[in-house]
Amino acid sequence: MADTTQKTLVRIAHSPDSDDAFMFYALTQGLLDVEGLTIEHVLRDIETLNQAAFQGTYEITALSFHGYAHLADRYQIMPSGASFGDGYGPLVVTRGGLSRDDLRGQTIAIPGQLTTAHLALRLWLPEVETKIVPFDQILDVVESGEAIAGVVIHEGQLTFQEQGLHAVVDLGAWWKGATGLPLPLGCNGIRRDLPEDHKLRLCRLLTESIVYGLDHRAEALDYAIRYARGLEDDLARSDKFVGMYVNEWTREYGDAGRKAVQLLLDRGFEAGILPTKIVAEFLDA
């Protein structure tokens, strides 16, 4: 007899990189009890996800905190799954030994209008022009001279020197020096219009997935490494990159993490980068 039980579709969207893959490993690969749910796994770059979130396309989606500031009416922040740069983060890279002053008024390549990398760049140096370049092409356009500088995210943070490039600033280190807090980069958002009990269950499942990965690191890393662009054949560097962005901050924000998120949103508003003052809303499971 055919199974006529109707399952609830949950679309989970995140960036195609190893830290996100590590985080969602258990949840998307059938290792957790998701009875009654059908999980659809969607991979898109973070700027594409930010834009899709304006239509509420996915029930759960990775969001940059810059993007969240424009989407707080549609998504709440899940209590786990954040990416923080604790003394490290997006890099501003150039071909030569340029300084912050050299970049004033110049055009810098960024990986997306609503990325936190762009927000952090504007806080560090307001007097710049920007052009959007796909995140995985930024090193190339800087190396070729098409852009004087670029903001590098994802695995490029570990590989930029192989293309003869130099870091002008690590925006995560700059932020920590200025605030004493880690730089909040991305979160997982859950759509506001879902039933409350459904949202709470999904929050618990995400936390379980993160804990599973941290507790079964070798297994989860073996899965995640297939998304480690440029690091696929280097397990040690892949492990380093995952460890940079999946750690205790990912398991739980804590008071310091939540304070950092709110401070970033406040600073963005005070600098005129964000159009409205946003109070971060966390959904606590």
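Residues numbered from 1 in each chain as written. Predicted model: local features only at pLDDT ≥ 70, side-chain atom pairs only at ≥ 80, totals over all residues. Heavy atoms only, no water.

## Some thoughts on the overall build of the chain
So, point 1. When its secondary structure is counted, the chain shows 13 helices and 11 strands.
So, point 2. Relative to the globule expectation of 19 Å for 285 residues, the C-alpha radius of gyration of the chain, 19 Å, shows essentially globular dimensions.
So, point 3. Considering only C-alpha atoms, the chain reaches an extent of 70 × 45 × 30 Å along its principal axes.
So, point 4. For the chain, buried positions account for 54% of its 285 residues.
So, point 5. For the chain, contacts bridging at least 24 residues in sequence account for 75% of all contacts bridging at least 6. (Helix = DSSP H or I, 4+ residues; strand = E, 2+ residues; numbered from the N terminus. Rg over C-alpha atoms; globule rule 2.2 N^0.38 Å. Buried < 20%, exposed > 50% of the residue type's maximum accessible area, 1.4 Å probe, protein only. Contact = heavy atoms within 4.5 Å.)

## Points about the pattern of salt bridges
So, point 1. Under the counting rule described, the total for this entry stands at 12 salt bridges.
So, point 2. Taking the shortest distance from any N to any O, the salt bridge between Arg251 and Glu248 comes out at 3.0 Å. With Arg251 and Glu248 both in helix H12 (residues 248–251), this residue pair falls three residues apart, about one helical turn.
So, point 3. Given a relative accessible area of 27%, Arg251 falls into the partly exposed group.
So, point 4. Two residues, Asp284 and Arg258, come together in a salt bridge whose shortest N-O distance is 2.6 Å. In this pair, Asp284 sits in the segment after helix H13 (254–270) while Arg258 sits in helix H13, placing the two residues 26 residues apart along the sequence.
So, point 5. Classification of Arg258 as partly exposed rests on a relative accessible area of 27%. (Salt bridge = Lys/Arg side-chain N within 4 Å of Asp/Glu carboxyl O.)

## A closer look at helix H1 (residues 18–28)
So, point 1. Here H1 lies mainly inside the structure; 11 of its 11 residues are buried.
So, point 2. The set of residues buried in H1 consists of Ser18, Asp19, Asp20, Ala21, Phe22, Met23, Phe24, Tyr25, Ala26, Leu27 and Thr28.
So, point 3. Trailing H1 by a residue or two, Gly30 shows a phi angle of about 75°, which is positive.

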